[in-house]
Amino acid sequence: MQGLMMGTQLLISTLIEHAGRHAGETEIVSRRVEGDIHRTNWREVQQRSKQLANALLAMGVKPGDRVATIAWNGYRHLELYYAVSGIGAILHTINPRLHPDQVAWIANHAEDRHVFFDATFLPIAQAVAARCPTVKSWVQMTARDRMPAAQSATPTALEPLCYEELLAAAAPQLVWPSFDENTASSLCYTSGTTGNPKGVLYSHRSSVLHAFGAAMPDAMGVSASDCVLPVVPMFHVNAWGLPYTMALVGCKVVFPGAALDGKSLYELFENEKVTFSAGVPTVWLGLINYMKQNGYTFSSFRKTIIGGSACPPAMIRTLNDDFGVEVIHAWGMSEMSPLGTTCKLANRHLTLSKDLQLRILEKQGHVIYGVDMKIVDPDGKDLPWDGVAFGDLLVRGPWVVRAYFKSEGGDPLVIDADGISWFPTGDVGTIDPDGYLQITDRSKDVIKSGGEWIGSIDLENIAMAHPEVAMAAVIAIPHPKWDERPLLVVVRKADSTVSREDLLAHYEGKIAKWWTPDDVVFVEAIPLGATGKMLKAKLRDTFRGHKLPTA
Ligand code: ADP
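Quick notes on the rules
Residues numbered from 1 in each chain as written. Predicted model: local features only at pLDDT ≥ 70, side-chain atom pairs only at ≥ 80, totals over all residues. Heavy atoms only, no water. Core = buried A, V, L, I, M, F, W, Y, C linked by side-chain atoms within 4.5 Å. Buried < 20%, exposed > 50% of the residue type's maximum accessible area, 1.4 Å probe, protein only. Helix = DSSP H or I, 4+ residues; strand = E, 2+ residues; numbered from the N terminus. Contact = heavy atoms within 4.5 Å. Near = heavy atom within 4 Å. Polar contact = N/O pair within 3.5 Å; in protein donor to acceptor, adjacent residues only side chain to side chain. Areas by Shrake-Rupley, 256 points an atom, 1.4 Å probe, with all protein chains shown as cover. Phe/Tyr/Trp six-rings, centres within 6.5 Å; stacked < 30°, edge-to-face > 60°. Lys NZ or Arg CZ within 6 Å of the ring centre and 35° of its normal. Pairing = 2+ DSSP bridges. Axes fitted to C-alpha atoms, helices over the stretch in contact; angles between N-to-C directions.

Counting residues in each nonpolar core, the largest one holds 87 residues, and the members touching the most others are W42, L56, Y82, F116 and I305. It is helix 3 (residues 75–86) that provides the largest number of residues to this core, a total of seven residues. Apart from residues no more than four positions distant in its own chain, L56 is found in contact with V61, A83, V84, I87 and F116. Listed in part, the 29 residues of the second largest apolar core include I70, V115, Y189 and F235.

A word on the site of the ligand. Surrounding the ligand, one finds 18 residues, the nearest of these being S191, A330, S334, D427 and K533. Contacts to the ligand include R442, whose side-chain N or O atom sits 2.8 Å from an oxygen atom. For the ligand, an oxygen atom lies 2.5 Å from a polar atom in the side chain of K533. Considering the ligand on its own, with 570 Å² of exposed area, one finds that the protein chains cover 95% of that surface. Counting residues per element, the shell around the ligand draws most heavily on strand 14 (residues 326–332), at four residues.

This paragraph deals with the packing of aromatic side chains. For the structure on display, the rule yields 17 aromatic pairs. Ring geometry for F116 versus Y163: centroids 6.1 Å apart, planes at 85°, classification edge-to-face. Of this pair, F116 sits in strand 5 (residues 112–117) while Y163 sits in helix 6 (residues 163–168); the two residues are 47 residues apart in sequence, bridging distant segments of the chain. The residues F116 and Y163 share a single accessibility class, namely buried. Residues Y266 and Y296 carry aromatic rings whose centres are separated by 4.8 Å and whose planes lie at 10° to one another, so their mutual orientation is stacked. On the criterion of sequence distance, the pair formed by Y266 in helix 10 (residues 262–271) and Y296 in the loop between helix 11 (281–294) and strand 13 (303–306) is long-range, its members being 30 residues apart. Taking relative accessible area as the criterion, Y296 reaches 32% and is therefore assigned partly exposed. These aromatic residues form a ring-pair network of at least three members: Y266, F269, W284, Y290, Y296, F298, F301 and F323. Stacked on the ring of W422, the Lys or Arg R396 has its end atom at 5.6 Å from the ring centre. The positively charged end of R492 is found above the aromatic ring belonging to F522, 3.7 Å away from the centroid.

Looking now at the sheet that holds strand 13. Strand order in the open sheet formed by nine strands is 2-1-11-10-12-13-14-15-16, with mixed pairing between adjacent strands. Both outer strands of the open sheet, strand 2 (37–41) and strand 16 (366–367), are each paired with one neighbouring strand and no more. Looking at chain direction, strand 12 (residues 276–279) and strand 13 are connected through four bridges and run parallel. In the strand pairing of strand 13, S277 is matched with T304. Taken strand by strand, helix 9 (residues 242–249) contacts strand 10 (227–230), strand 11 (252–255) and strand 12, and its axis lies near 175° from that of strand 10.

Strand order across the open sheet formed by seven strands is 7-6-5-3-4-8-9, with mixed pairing between neighbours. Only two strands of the sheet have a single neighbouring strand rather than two, namely strand 7 (161–162) and strand 9 (199–203). Inspection of the sheet shows strand 5 paired to strand 6 (residues 137–140) by four bridges, in the parallel sense. By the bridge assignment for strand 6, H114 is matched with S137. Sitting on the sheet, helix 3 is in contact with strand 3 (66–70), strand 4 (90–93), strand 5 and strand 8 (184–189), with an inclination near 145° to strand 4. Where helix 7 (residues 204–215) meets the sheet, it contacts strand 8 and strand 9, and its direction lies at approximately 75° from that of strand 9.

Most of helix 10 sits out of view: seven of its ten residues are buried. Turning to helix 10, its buried residues are G262, S264, L265, Y266, L268, F269 and E270. Summarising the contacts, the buried residues of helix 10 are in contact with strand 1 (27–31), strand 2, strand 10, strand 11, strand 12 and helix 11.

Cis geometry marks the peptide bond from S337 to P338; its omega dihedral reads 5°. With respect to the helices and strands, P338 occurs in the loop between strand 14 and strand 15 (339–342). Of note, A239 is a non-glycine position whose phi angle comes to about 45°, a positive value. On the basis of relative accessible area, A239 is assigned to the buried category, the value being 1%. The phi dihedral of K406 falls on the positive side, at around 60°, and the residue is not glycine. Mapped onto the elements of the fold, K406 is located in the loop between strand 18 (391–396) and strand 19 (414–415).

Have a look at this one:
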């Protein structure tokens, strides 16, 4: 027998309708690429999204068409999030930090019809336009006075359309169409650290359910009383779903645009009284350094979610102890929309000492309802949740990928002995008896020494806790006897003269002796990828020939 409740579809348009109607006056502040601070609100974004949807329909956009963006976090990008998905087309967010060849590859693979870009990214548009035959129009996300001068003198150059002109010419009235909630809504490509990037195609249903899950108190825990500044870019896994979650709760929003340096971020945090933020660890390094150098504190900022790569415990402690900011360590991936786990204490942890509580909070955390996970051995057999056994991490749930766009890479799922399908994350971890996940490594970064595994994240965290270390990576170096051994790659803090011996001594008593790196090399900088993660494959290439003292 079927239930007798309404079959209202979980559509992304319902989020902007909700925010426009119930949080209409709540502000959306953007630092624009034009250089100024722009103020709008949820009602205006709702109205302009509808106008933009009409403009897209007039441009011939059909359900299922891919409309791409190459843009920073800002209100126009938010309008595109709602206008494109709202009419059943697919928002394809392109990461501008990729090489133009990769941008062109992705745009062609996605068969993008239209590309909307921020003025800053005009050079990318110009570099790739001729190589993107499916793209019918390029739209610069600005007003006429900021458009490039007429380019008739250079006839081969791109002649973009003007965003504000498109909007001005479109009717403001629109009733969002209703369709199946399983319809595709947006497309993000994984960073392709192994092979070509693969497209993850989210649906309206997965995005709305993820927004519900993310807003929950033990996940991001954001509410209408918050002022949220998403540092994580809207071109990286939909800014961890925040454009949807923020509408769902109707909070104030602050978009940082292109200015992600410590000074610019700090100004926005303070001027706009930001309470909540989200970003990868590397971004917080810049902000923390800037604040320490100037002796600044936060007046309103109270909580941030950090993920995308392991958040060093030293960073959790600094933000907590020195700046009064609660860190929610989170784990996930593009294939998971991205949230899988978030780390918050349970009631039974409240009587523990602060130190024991912090040790729990350093883990990647507990699954959010909707996601299920398990760890398995190389034969696919379940491993115990004892906080010690580590194995391949598998996940499932309504916002977890089941296949890549255009079936790239074949069927990614594995089926367990009970006939249940799981997505193998490529991560390795432990799960403790309380259900808290700790990521040991990505399987391709794990160091295989004498038949045993050494997790690089633990070793990096210890190095990062040294007061003179600015950044640290641990990579596997081939070894004639042990197969692989760990090499510590360190960026010293300014003026530091910390030595190899100091750093190796720093490991004593903190880990099994055989986990200690065999050597230390000092570098000016560690290469970061397009989403701010350390490029360990590149480091492995650089140091492939490194002669370990024990080899
Ligand atoms: P890509 O796989 O394209 O680099 P993602 O941004 O989706 O893109 O990265 C997901 C990966 O990032 C995870 O599989 C995991 O290895 C790593 N990761 C994410 N969050 C954490 C975390 N909190 N701790 C450790 N690793 C993390």
